[in-house]
Amino acid sequence: MLKEKIIENMQNIVDHCMGEETPACVATCPMHTDAKRYIQLIKEGKGEEAIRVIRDNLFLPGTLGRICAHPCEGKCKWNEGKSPMAIASLKRYAADYFDKEEDWDVEIKERNGKKVAVIGAGPSGLQAALELRKEGCEVAVFEKLPVRGGMLRVGIPAYRLPRNVLEKEISYLDKLGVQFHMNCEIGKDMQFSNLVEEFDSVIVAVGKQQGRVDRSLENWDAQGIFSAAEFLKEAALTENVKEAGKVVLVVGGGDVAMDCCRTARRITGVEKVSSVCLEDSYDAMASSNHEVASAIAEGIKFNHAQAIKKIHIDENGRVNAVTLKKCTSMFDDQGRFAPTYDEEDTKELKVDTIVFAIGQGVEKGFAEDLIESRANSTFACDKQTLQSVSNEKVFIAGDASGESVICIQAMATGRRAAQSVLRFLEHKSLTEGREFKDTWTYETKLDMPTDWSAIPEKRQDMAELDPKTRIHSFDEVALGYTKEEAEREANRCRQCECRLCMKECIMLNEFTDCPKTLFKEYLEKGYENMDQMIAYSCNECRQCTLKCPKEFDLRSNFMEIKEAYARDNQDEVLLDVLKDSDDAQVKECGEQYCTAVEGARKSTLKKKKTKYVFAPGCTVSAYTPEGVEKIVQHLKDCLGDENVGALLQCCGKVTKFLGEEARFQERNQKAVDILDEMGAEVIITVCPSCFKVFQGTAKNQKVISYWDLMRNLIGVPEECKGIGKESDVIFNIHDSCVTREETTHHENVRWVLEQMGYQWEEIEKNGKDTRCCGVGGMVCTSRPELYEKVYTRRAADFNQDHIVTYCGSCRGTMQTAGKDAVHILDLMFGKTYKKADAKIRGYKTEEEMWKRRLETKERLENFRTEPT
């Protein structure tokens, strides 16, 4: 049974780990196009793969690459730096260069015998038709216009969306076998009731093509007055507006208003175009900055903070002027739209054409008798399923549902309506087991810190036609990216994801895709039913926690799992391969290989406490008996013979690694009891593991590293000062992961090297961010192949062949990795180290290891003196 706090820790990771969270750009897209993936592919020069990723989700890549309102860019992490990724433009690049009709997926499922009618060939209706046809339905689309695309075709000007691009992409539905009935107005050419009766289901996907004008104004219906919808529609179909005059005024401050302004600029005979809007500045306008800037470049004049007070007409009933009044505010104290005006602050403009871009509505008359509608010109339907509240066979999509505002959201509602229809036709629940966020914008939990020192170059602008020439035609203005521009822009993408622990930890990648997945499995299956080797593969280095933005503690989970395995196995390590390590711990804690040497006593009359006790640890004792002896001598020379003793006794760290908590407590307590008996006040260590263990268990002593003691109190031994000045070696330093938080250790080891005169170069992954050598967690024994991967990676972090470290295990591992690895004690108590001195060091056999341990014991006991 795992401890409750560990179960809670696992649950916390499952609940809050961001490893599976979606990037903001993908979560914000209502169709959840994998922008992150296709941008990476563009960066890698894999355009064919990029367009496949896009087309997996979108059938209008070239269209959306030009006209999408790209809410994804608004949530892009770089938007915090005011330079979001050009996600839509990169989509266009992939479509323009790599979208081949012969590569389109035209497979459909076996016919299911169901017939579905779709009213409206706009983005939502087309998406619904596509989804249903792919699932085997017969689909008929009814469109009152002679052209397909809805407002994409008759609401967006050709200079933004070329007609050939749109029609090519819609032709995909022809290839799938979707039937289109053009110039067919429901309620006039065919009755809605007949559709409901003839088809198994009907999707109403009519768009907002019913324009509005301000009917509160006198003369609102004069000649020369248009709604934006009718003005743009006529221009789209004929590239002209027959009743337009010479001087055009557009009312409104949104993107549609800018489309009207820029379209009017291209109409034959129009000489001047201006705009009037309630907003008091360009920045306050609802339109996108790019559209405003383009309008300015094309000569559009703006009248900010103004509204029409009066429309003037001539004797023929045509507009000839307007009186404008000052708008003093747009919103009330509660933030509601409630404009106020200064009726006395007015000015007059001579105009002969007015275009009202103040909103549009859905035409509902064809079905009002059969399906309930709302006051806001939309049809009443369930918000989630989009099923009509009054007719179960009818589903609503796009603008008609009251949900969509932009093209990509309209498409998402088309997909959701189609999904609901399929469930309806199969007599399934419309809600059970369904993830509705698949067709909605949602907030991701992914919240990655931004390194603003690494902000990339500015967003790549797209070349455009010269404003002086482009206003004379409806030719496309934006010219698209070149390959070089697209790859440069794609290179700016941060590829937002968490899984930072996965990028760092080799072990985790062998067992899972992220911690959330792994610990969810532990909680569901129980540790007893999981692969035992998972826990025994953790180096316990804490790099996962350091990399995690939420600082999740994974190490404690794996430690507790190992302890649980041992508890279940009569307090013995579970893996047979690790039992030899436990046997070695028995010897390292036994009398044969251990000793305690008190400070010198001058009299038998009174037992004197040994204030400072040096604990060399197991690895250093088996590596350099002479070095241990010289440290003790250095301490005695500086702190007093009677004040310094030594304890050769294992701290129990390996037992802790094995998960044998009961045995660890017993073995460690043995060492702690001896320290208490010696009257020790300070434990001096050279082993990072001994430092951390005694720091946690020796309650009556202060623990200090030899390096800190030298820097703070006693200095380096005289014989090693300046010894390295003549060395031809430049070292890299390897900091131990065990003491990654002990920054004084890092600093003072370097100070010791300075005192000796040796040169070294720092590497990136060191200090608090150091990497494990591979020994941690006894992975060297439990998983030799993983151990090799870890130490090979660590060795690659260094830019020198010569490594100095202050951990005996780390030194041995770096030597195994092919480096010339020395312990800092080799430099302190040896001759000047040169390149020619590089060699394999340390014991070669287990027998030699124990022999050296006994030699260390003997050298320490030589410090023992008899009192007089």
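Look a little higher up for the structure.
Treat the numbers as computed from the prediction; the structure is a model and nothing was measured. (Residues numbered from 1 in each chain as written. Predicted model: local features only at pLDDT ≥ 70, side-chain atom pairs only at ≥ 80, totals over all residues. Heavy atoms only, no water.)

## Let's talk about the overall build of the protein
Alright, step 1. Looking only at helices and strands, the protein features 35 helices and 24 strands.
Alright, step 2. When the backbone C-alpha atoms are referred to their principal axes, the protein occupies close to 130 × 60 × 55 Å.
Alright, step 3. Counting over 868 residues, the protein shows a buried share of 57%.
Alright, step 4. For the protein, the share of sequence-separated contacts (at least 6 apart) that also reach a separation of at least 24 residues comes to 72%.
Alright, step 5. When the accessible surface of the protein is totalled, it reaches about 37800 Å², and 46% of it is carbon and sulfur. (Helix = DSSP H or I, 4+ residues; strand = E, 2+ residues; numbered from the N terminus. Buried < 20%, exposed > 50% of the residue type's maximum accessible area, 1.4 Å probe, protein only. Contact = heavy atoms within 4.5 Å. Areas by Shrake-Rupley, 256 points an atom, 1.4 Å probe, with all protein chains shown as cover.)

## What about the pattern of salt bridges?
For side chains of opposite charge, pairing can occur when their charged atoms come near one another.
Alright, step 1. Applying the stated criterion across every chain yields a total of 71 salt bridges.
Alright, step 2. In this structure, Arg148 engages Glu167 in a salt bridge whose closest nitrogen and oxygen atoms are separated by 2.4 Å. With Arg148 in the loop between strand E2 (138-142) and helix H9 (151-154) and Glu167 in helix H10 (residues 163-176), this residue pair connects regions lying 19 residues apart in the sequence.
Alright, step 3. Note on Glu167: relative accessible area 34%, which makes it partly exposed.
Alright, step 4. Two residues, Lys630 and Glu626, come together in a salt bridge whose shortest N-O distance is 3.2 Å. Here Glu626 and Lys630 lie together in helix H25 (residues 625-639), a separation of four residues that amounts to about one turn.
Alright, step 5. For Lys630, a relative accessible area of 29% translates into the label partly exposed.
Alright, step 6. It is possible to trace a salt-bridge network through shared partners that takes in Arg160, Asp259, Arg262, Arg266, Glu291, Glu298, Glu464 and Arg470. (Salt bridge = Lys/Arg side-chain N within 4 Å of Asp/Glu carboxyl O.)

## Examining the sheet that holds strand E10 (residues 306-313)
Alright, step 1. Here we have three strands laid out as an open sheet, ordered E10-E11-E12, and antiparallel in their pairing. This sheet does not close on itself; its edge strands, each paired only once, are E10 and strand E12 (337-349). Along the sheet, successive strands turn relative to each other by an average axial angle of 30°, direction set aside.
Alright, step 2. Examined bridge by bridge, strand E11 (residues 319-331) and E12 share eight bridges and lie antiparallel to one another. Bridge pairing in E12 links Phe331 to Phe337. (Pairing = 2+ DSSP bridges. Axes fitted to C-alpha atoms, helices over the stretch in contact; angles between N-to-C directions.)

## Things to note about the pairing of strand E1 (residues 115-119)
Alright, step 1. E1 sits mainly inside the fold: four of its five residues count as buried.
Alright, step 2. Across five bridges, the pairing between E1 and E2 is parallel. Looking at the pairing, Lys115 lines up with Glu138 of E2.
Alright, step 3. The parallel pair E1 and E2, bridged by helix H8 (residues 123-134), forms a crossover whose chirality is right-handed.
Alright, step 4. Inspection of the sheet shows E1 paired to strand E4 (residues 201-204) by four bridges, in the parallel sense. Looking across to E4, one finds that Val116 is bridged to Ser201. (Right-handed = clockwise from strand over helix to strand, strands pointing away.)

## A short note on the pairing of strand E20 (residues 702-705)
Alright, step 1. For strand E19 (residues 682-685) and E20, the ladder comprises four bridges, and the chain directions are parallel. In the sheet register, Ile683 faces E20, and the bridge partner there is Val703.
Alright, step 2. Read as a crossover between parallel neighbours, the route from E19 over helix H28 (residues 688-697) to E20 is right-handed.

## Notes on helix H30 (residues 743-756)
Alright, step 1. An ideal rise of 1.5 Å per residue puts 20 Å on 14 residues; H30 measures up with 20 Å between its terminal C-alpha atoms.
Alright, step 2. Here H30 has its buried residues at His745, His746, Asn748, Val749, Arg750, Trp751, Val752, Leu753 and Met756.
Alright, step 3. A positive phi of about 90° marks Gly757, the residue just after H30. (Expected span 1.5 Å × (residues − 1).)

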